[in-house]
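One-letter residues, chain by chain:
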Amino acid sequence: MAILKIATLGHPVLRKVARPVTLEELRSSETQRFIDDLVETMFDANGAGIAANQVYEPIRICVICVKDNPRYPYKPNVPLTILVNPELEPLTDETFDNYEGCLSVPNLRGVAPRFAHVRLRARDREGKPLDYEVKGLTAGTFQHELDHLDGKLFVDRVKDTTTLSTWQDFERYHMTAWVERAKAIVAEYGS
Ligand code: ZN
């Protein structure tokens, strides 16, 4: 396994729409090894998720895992999830404000509105179909990762640019209020 280099804001690979993966390609040892490397890279960087194009591979694969994450201590845990060719459908017009960060946008956080309840369809790493619903903060994480595959970054979604903050100033000026807000979101949606 290997830790892959992460592309940062400004690199064109982050702005291209990633291409779908065929089932044959998915089952190849090369792609399976790539998925292992993507997972390892996410864990190494303490990310809650990472998309293939963030490591210069413009294919529609992303991985998510939240387990007592030091970058996002308020996020509910999410088991390791590997999504291939994922599609997301909002199940409500209702949105909530999510304070986000991104491994490809170093030292910046900001508030992006996200749908509170979404349906997710994808394949797992073996090609088996997945179809389930996700709510609240976890739904926000999924929307962030799927945006990557369409060449979008959370900064594109930030409506109120006064919420933009370095990580240090987030901790100093915004963390306390956000943790309270995050608790309320988890209480309302269950995650
Ligand atoms: Zn990101």
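Here, every reference points to the structure presented above.
Remember, predicted model here, so these are calculated numbers, not experimental data. (Residues numbered from 1 in each chain as written. Predicted model: local features only at pLDDT ≥ 70, side-chain atom pairs only at ≥ 80, totals over all residues. Heavy atoms only, no water.)

### Observations regarding the overall build of the chain
Part 1 of the argument: In terms of helices and strands, the chain carries five helices and seven strands.
Part 2 of the argument: The secondary structure elements of the chain, listed N-terminal to C-terminal, are α-α-β-β-β-β-β-β-β-α-α-α.
Part 3 of the argument: Taking the principal axes of the C-alpha coordinates as reference, the chain spans close to 45 × 30 × 30 Å.
Part 4 of the argument: Across the 191 residues of the chain, 48% fall into the buried class.
Part 5 of the argument: Counting only contacts in the chain whose residues sit at least 6 apart along the sequence, the fraction spanning at least 24 positions is 68%.
Part 6 of the argument: Per element, the accessible surface of the chain, about 9,300 Å² overall, is 51% carbon and sulfur.
Part 7 of the argument: Averaging the positions of the 24 positive and the 28 negative side-chain charges in the chain gives two centres separated by 1 Å. (Helix = DSSP H or I, 4+ residues; strand = E, 2+ residues; numbered from the N terminus. Buried < 20%, exposed > 50% of the residue type's maximum accessible area, 1.4 Å probe, protein only. Contact = heavy atoms within 4.5 Å. Areas by Shrake-Rupley, 256 points an atom, 1.4 Å probe, with all protein chains shown as cover. Lys, Arg positive; Asp, Glu negative; His and termini not counted. Charge placed at Lys NZ, Arg CZ, Asp CG, Glu CD.)

### Quick notes on the pattern of salt bridges
Opposite charge on two side chains permits pairing when their charged atoms draw close.
Part 1 of the argument: This structure, assessed with the given rule, holds 12 salt bridges.
Part 2 of the argument: Two residues, aspartate 36 and arginine 125, come together in a salt bridge whose shortest N-O distance is 3.0 Å. Within this pair, whereas aspartate 36 is found in helix 2 (residues 29–44), its partner arginine 125 is found in the loop between strand 6 (117–123) and strand 7 (129–135), the two being separated by 89 residues in sequence.
Part 3 of the argument: In this structure aspartate 36 comes out as partly exposed when scored by relative accessible area, which is 29%.
Part 4 of the argument: One salt bridge connects arginine 114 with aspartate 147, and the closest N-O pair in it is separated by 2.9 Å. With arginine 114 in strand 5 (residues 105–115) and aspartate 147 in helix 3 (residues 136–149), this residue pair connects regions lying 33 residues apart in the sequence.
Part 5 of the argument: On the basis of relative accessible area, arginine 114 is assigned to the buried category, the value being 2%. (Salt bridge = Lys/Arg side-chain N within 4 Å of Asp/Glu carboxyl O.)

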